[in-house]
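Residue-level structure breakdown
Here is what each chain is made of, one letter per residue.
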Amino acid sequence: MSSELLVDLADEPAAAQLGQLKLATIEDQQWPADESTLSKSETDISQGFDGGSPHLPWDHPFYDIARHQIIEVAGDDNFGRKVIMFNACRMPPHHQLDHHKLLMYLKGTLDQYVESDYTLIYFHHGLTSENKPSLSWLRDAYREFDRKYKKNIKALYIVHPTMFIKTLLILFKPIISFKFGRKINYVSYLSELEDVLKCDQLIIPARVREYDNKLRASLKPTVQPPMSPPRSPPLPNQVFGVPLALLRQRSPDGDPVPVVMRDTISFLSEQGLEIEGIFRRCANVTLVKEVQHKYNSGETVNFREMEDVHLAAVILKTFLRELPEPLLTYQLYNDIVNFSSASSESPATAMKTLVESLPEENYASLRYLITFLAQVSASSEVNKMTNSNLAVVFGPNLLWGRDNAMSLSAMGPINNFTRTLLDQQDLIFT
């Protein structure tokens, strides 16, 4: 992967040449329509929506943008940063897309996450002369994203870059800050993303996967890029990626709350409540892996010795995200995503009924977590983590679809449910 921006912007002749660059072959422009990328659980929740869009109701002002699924949010990466995806192949021809509204929709999505560290992944394959935005729109879009958006983006990964996108970055170099330029990385094959996140959590369009397979097939065997590494067999004392019921069986005292949650929350309760931006910052990925390995090897982890609040915060989120089944369980997925529209009871009463149906270890762990997060929120004047902010961070780590991916259709309802859990926790867990 490379982040080099090579030469300065040429004047109009260069811009004209850029417009003439070949963006895609005829074959590339004839990809079949993408199959539905929704999990069964996500398909269920869209019954009340127009068949063309799982995202928003037809009368929503951004329905005509959201229905194309150009922008998706995909949980956290290996560094504990939120992942936002942009799919060029899903952009329709110019006359079918209001590019100004697309920009506003993108800003609206980013507004939920820009106060935290985040990663942007741009899948370039599928951008053609029919759907590429104009140079002036790209320039205005970059300028529209002020420091608030650029400060906390930690990496921009451009997947399957072409000469077009590389030339575009060269042309835009004069208006791209040096710091932002260093965050740009080229990714030639999907397998390279495994260094950043688990690819099975991404809703990658089928045509992008097919294109990646074609690129691999065109290479000589001696220069084949590495495939995604196989998952390692579980260690005898494995903690991450292990069901809560099994962790409880292994616990010497039968405590239903896993040791990782007890360790991290105990440390954070002592030293993290007044840290501004707690849960919004990433941690050193090497240290994260070291701590995970210690837990998985049965070793004791002492966060007080490491004195790294953000490391403990990332470990807590990582533990929740790597559970084989989310803390709120697949069984409650539809009930939670439809909660605001389906419940006729008071929110606290309905939530109390829902969470009390969880397995005992899930309920105990959820109660332990929410009680702690309420303490964090109580210090929000100092740490800036209100219930709404905490819900944005933890919602995707408490519930996701069976295909392990998350679309914007479910993200909002899950975050709202999490926020209400925090708002009403005194009533729900009594």
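Our structure's up above, just so we're on the same page.
Residues numbered from 1 in each chain as written. Predicted model: local features only at pLDDT ≥ 70, side-chain atom pairs only at ≥ 80, totals over all residues. Heavy atoms only, no water.

1. Topic: the nonpolar core
Grouped together as the largest cluster of nonpolar side chains are 64 residues, with contacts concentrated most on Leu-268, Phe-279, Leu-316, Phe-319, Leu-320 and Leu-369. Filtering out sequence-adjacent residues up to four positions away, Leu-320 remains in contact with Met-261, Leu-327, Leu-369, Phe-394, Asn-397, Leu-398 and Trp-400. In terms of nonpolar packing, the next biggest core, distinct from the first, is built from 41 residues, Ala-66, Ile-84, Trp-137 and Ile-176 among them. (Core = buried A, V, L, I, M, F, W, Y, C linked by side-chain atoms within 4.5 Å. Buried < 20%, exposed > 50% of the residue type's maximum accessible area, 1.4 Å probe, protein only. Contact = heavy atoms within 4.5 Å.)

2. Digging into helix α17 (residues 347-356)
Inspection of α17 places Ala-348, Ala-350, Met-351, Leu-354 and Val-355 among the buried residues, and these make up the whole buried set. Projected down its long axis, α17 shows its buried positions confined to an angular sector of 160°, all on one face. (Helix = DSSP H or I, 4+ residues; strand = E, 2+ residues; numbered from the N terminus. Arc of directions from axis to C-beta.)

3. Here's the deal with the pattern of salt bridges
A full pass over the atoms with the stated rule returns 14 salt bridges. A salt bridge links Asp-117 to Lys-154, with the nearest nitrogen and oxygen atoms 3.9 Å apart. Within this pair, whereas Asp-117 is found in the loop between α4 (99-111) and β3 (118-123), its partner Lys-154 is found in strand β4 (residues 153-159), the two being separated by 37 residues in sequence. The buried category is assigned to Asp-117, whose relative accessible area is 3%. In this structure, Glu-356 engages Lys-352 in a salt bridge whose closest nitrogen and oxygen atoms are separated by 3.1 Å. Residue Glu-356 and its partner Lys-352 are both found in helix α17; the two are separated by 4 residues, about one turn of the helix. With a relative accessible area of 22%, Lys-352 lands in the partly exposed category. Sharing partners across several salt bridges, the network here consists of Asp-117, Lys-154 and Arg-281. (Salt bridge = Lys/Arg side-chain N within 4 Å of Asp/Glu carboxyl O.)

4. Notes on α4
Across its 13 residues, α4 extends 18 Å between first and last C-alpha, which sits within 8% of the 18 Å expected from 1.5 Å per residue. Residues of α4 that are buried include every one of His-99, Leu-102, Leu-103, Tyr-105, Leu-106, Lys-107, Thr-109 and Leu-110, and no others. Sitting at the head of α4, Asp-98 places a side-chain oxygen 3.0 Å from the backbone nitrogen of His-100. (Expected span 1.5 Å × (residues − 1). Polar contact = N/O pair within 3.5 Å; in protein donor to acceptor, adjacent residues only side chain to side chain.)

5. Here's the deal with the pairing of strand β2 (residues 82-87)
β2 sits mainly inside the fold: 6 of its 6 residues count as buried. Two strands pair when backbone bridges link them, and strand β1 (residues 71-76) and β2 are joined in this way by 4 bridges, in the antiparallel orientation. Looking at the pairing, Val-73 lines up with Ile-84 of β2. Between β1 and β2, which pair antiparallel and follow one another directly, the connecting turn spans 5 residues, one of which, Gly-80, has a positive phi of 85°. Where the polypeptide runs from β2 across α4 and back to β3, its parallel neighbour, the crossover connection is right-handed. (Pairing = 2+ DSSP bridges. Right-handed = clockwise from strand over helix to strand, strands pointing away.)

6. Details of unusual backbone geometry
You will see that Gln-69, though not glycine, has its phi angle at about 55°, which is positive. Structurally, Gln-69 can be placed in the loop between α3 (63-66) and β1. For His-160, which is not glycine, the phi dihedral falls at a positive 55°. One can find His-160 in the loop between β4 and α7 (163-171).

7. Considerations on the packing of helix α18 (residues 360-378) against helix α20 (residues 387-398)
Running from N to C, α18 and α20 cross one another at 155°; their axes reach a closest spacing of 10 Å. Comparing their axes, α20 and α18 come out roughly antiparallel. For the element pair α18 and α20, the recorded crossing hand is right-handed. In this structure, α18 contributes Leu-369, Leu-373, Val-376 and Ser-377 to the contact, and α20 contributes Asn-387, Leu-390, Phe-394 and Leu-398. Here the contact of α18 with α20 is built from residues that sort into 6 nonpolar, 2 polar and no charged. (Axes fitted to C-alpha atoms, helices over the stretch in contact; angles between N-to-C directions. Parallel < 35°, antiparallel > 145°, perpendicular 65-115°, else oblique. Left-handed = near helix turned anticlockwise from the far one by under 90°. Nonpolar A, V, L, I, M, F, W, Y, C, P; charged D, E, K, R; others polar.)

8. Examining the packing of aromatic side chains
Each aromatic ring pair is characterised by the separation of its centres together with the angle its planes make. Under the defined criterion, the tally for this structure stands at 11 aromatic pairs. A ring pair is formed by Phe-62 and Tyr-105, whose centres lie 5.8 Å apart and whose planes are at 35°; its orientation type is tilted. One end of the pair, Phe-62, is in the loop between α2 (40-45) and α3; the other, Tyr-105, is in helix α4, with 43 residues separating them in the sequence. A relative accessible area of 11% places Tyr-105 in the buried class. Centroid distance Phe-145 to Tyr-149: 5.2 Å. Interplanar angle 80°. Geometry classified as edge-to-face. You can call Phe-145 buried: its relative accessible area is 11%. Among the aromatic residues, ring-to-ring pairing joins Phe-240, Tyr-295 and Phe-319 into one connected group. The cationic tip of Lys-150 hangs over the ring face of Tyr-142; the distance from NZ or CZ to the ring centre is 3.8 Å. Note that Arg-321 overlies the ring of Trp-400, its terminal NZ or CZ placed 4.4 Å from the centroid. (Phe/Tyr/Trp six-rings, centres within 6.5 Å; stacked < 30°, edge-to-face > 60°. Lys NZ or Arg CZ within 6 Å of the ring centre and 35° of its normal.)

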